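# Chain and residue survey
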Amino acid sequence: MRTGTDYISNHLPNESGMIDSACSICTNQNCLIRKNIDSPNIDKLVQTRKEIKCKKGQQFIMEGASVTGLFFLLSGKVKVLRTGLHGKEQIVRFATPGEIIGHRGFGTEETYPISAIALVDCTLCYFSKELLQETLRETPGLTYDFMLFYANELNRSEIRVKSLSQMTVRERVIDTLLYMNRKFGQTNGFSSLLLSRREYADYAGTTEEQVIRMFSILKKEGLLLTKGKRVGISNIELLKKEISEHNFYLDS
């Protein structure tokens, strides 16, 4: 039987697959490593960076697998999920270029508490846990940025838990639509990310049937457009207003 550790190790490039550090010429200003590239103690970390290519639908982190390091999304789109009650999947968040994936298991945790799947073809930068921890001990600027990152993540998580516990199904679906719009934007009037109704439900914390029903209602009210699987928001301001009492969090 293949273990979680086997899964992770088999999906990392071997020594011959290592790529010379491109962190210094990376244009992704959202990456914390890129932001601290001029720090004197970061050379060893960036020189051992491994670049991983993932095809659409490929899982590169398995929930319960041993933590080996952190992934930074260089290009593409990723969904991060975990298993809830009765084996039901719950999408925790979606990641875009520059974001960190696997950080919830980084530190004292021995296993990843989440899974991660590429929604489109993706390129990831991988840094080993041991070397990253060593670099954090020697690089105050990077450590400070990671501290702020974790503080923001905690804040977003607390806001989301509070909102989900107080929102109606309609409000949760609206909140999800607005989140997708902030995260990915729209192209030709429809969301730039094609998701199934099930995936909308897994993020909203409801059922696929409820999402289909709410989409139909919002469409009749002139607030939503649909074309096959594609979904577009007709009036963003009205949707924001509807959930404004829940402290709509612009950057979550």
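Here goes a summary of the coordinates provided. Bear in mind that the values here come from a model prediction, so they are computed numbers and not experimental data.

### Quick notes on the packing of helix α6 (residues 169–184) against helix α7 (residues 197–204)
As a packed pair, α6 and α7 sit with axes 9 Å apart at the nearest point and diverge in direction by 105 degrees. When the interaxial angle is binned, α6 and α7 end up roughly perpendicular. When α6 is examined against α7, the residues R172, T176, L177, Y179 and M180 are found in contact with a partner set consisting of Y200, Y203 and A204. Classifying every residue of the contact of α6 with α7 gives six nonpolar, one polar and one charged.

### Observations regarding the packing of aromatic side chains
If you walk through the whole model with that rule in mind, you get nine aromatic pairs. Ring geometry for F72 versus F127: centroids 5.4 Å apart, planes at 85 degrees, classification edge-to-face. One end of the pair, F72, is in strand β3 (residues 69–75); the other, F127, is in strand β8 (residues 122–128), and 55 residues separate them in sequence. In terms of burial, F72 and F127 fall into one category: buried. Note on F94 and Y203: the rings are 5.9 Å apart at their centroids and 50 degrees apart in plane angle, and the pair reads as tilted. Taken as a pair, F94 in strand β5 (residues 89–95) and Y203 in helix α7 lie far apart in primary sequence, 109 residues in all.

### Description of the environment of L239
Within the secondary structure, L239 sits in helix α9 (residues 236–242). The spatial distance from the C-alpha of L239 to the C-alpha of L218 is 9.7 Å, given a sequence separation of 21 residues. Excluding residues that lie within four positions of it along the chain, L239 makes contacts with I174, L178, L218, L223 and I233.

### Quick notes on the pattern of salt bridges
One pass over the structure, following the stated rule, counts 12 salt bridges. The partner of E99 in a salt bridge is K183, and the shortest N-O contact between them spans 2.6 Å. Residue E99 is located in the loop between β5 and β6 (100–101), and its partner K183 is located in helix α6; the two are separated by 84 residues in the primary sequence. Residue classification places K183 among the partly exposed positions, given a relative accessible area of 23%. Between E153 and R156 there is a salt bridge whose closest N-O contact spans 3.9 Å. Residue E153 and its partner R156 are located together in helix α5 (residues 140–166), separated by three residues, close to a single helical turn.

### A look at the pairing of strand β1 (residues 50–54)
Taking burial as the measure, the five residues of β1 include four buried ones, the bulk of the element. Looking at chain direction, β1 and β8 are connected through five bridges and run antiparallel. Considered in β8, the bridge of I52 is made with L124.

### Considering unusual backbone geometry
A positive phi angle, near 55 degrees, is found at N188, a position not held by glycine. Its location among the elements puts N188 in the loop between β9 (186–187) and β10 (190–191).

### Focus: the pairing of strand β4 (residues 78–83)
Pairing of β4 with β5 involves six bridges; the strand directions are antiparallel. Looking at the pairing, V80 lines up with R93 of β5. The hairpin formed by β4 and β5 contains five residues between the paired strands, and H86 there has a positive phi angle of roughly 60 degrees. In the sheet, β4 pairs with strand β7 (residues 115–118) via four bridges, with the strands oriented antiparallel. The partner of V80 across the bridge, within β7, is A116.

### Quick look at the environment of F149
Following the sequence through the fold, F149 ends up in helix α5. Sequence-wise, F149 and L32 are 117 residues apart; in three dimensions their C-alpha atoms are separated by 9.1 Å. If sequence neighbours within four positions are ignored, F149 has contacts with L32, I100 and H103.

### Structural notes on the sheet that holds β4
Taken together, the four strands give an open sheet; going across it, the order is β2-β7-β4-β5, and neighbouring strands pair in antiparallel fashion. Each end of this open sheet is capped by a strand with a single partner; those strands are β2 (59–61) and β5. Averaged over neighbouring strand pairs, the angle between their axes works out to 30 degrees when direction is ignored. Judged from the two bridges that link them, β2 and β7 form a sheet pairing that is antiparallel. Within the sheet, the bridge partner assigned to I61 lies in β7 and is A116.

Reading the values: rules and limits
Residues numbered from 1 in each chain as written. Predicted model: local features only at pLDDT ≥ 70, side-chain atom pairs only at ≥ 80, totals over all residues. Heavy atoms only, no water. Axes fitted to C-alpha atoms, helices over the stretch in contact; angles between N-to-C directions. Helix = DSSP H or I, 4+ residues; strand = E, 2+ residues; numbered from the N terminus. Parallel < 35°, antiparallel > 145°, perpendicular 65-115°, else oblique. Contact = heavy atoms within 4.5 Å. Nonpolar A, V, L, I, M, F, W, Y, C, P; charged D, E, K, R; others polar. Phe/Tyr/Trp six-rings, centres within 6.5 Å; stacked < 30°, edge-to-face > 60°. Buried < 20%, exposed > 50% of the residue type's maximum accessible area, 1.4 Å probe, protein only. Salt bridge = Lys/Arg side-chain N within 4 Å of Asp/Glu carboxyl O. Pairing = 2+ DSSP bridges.

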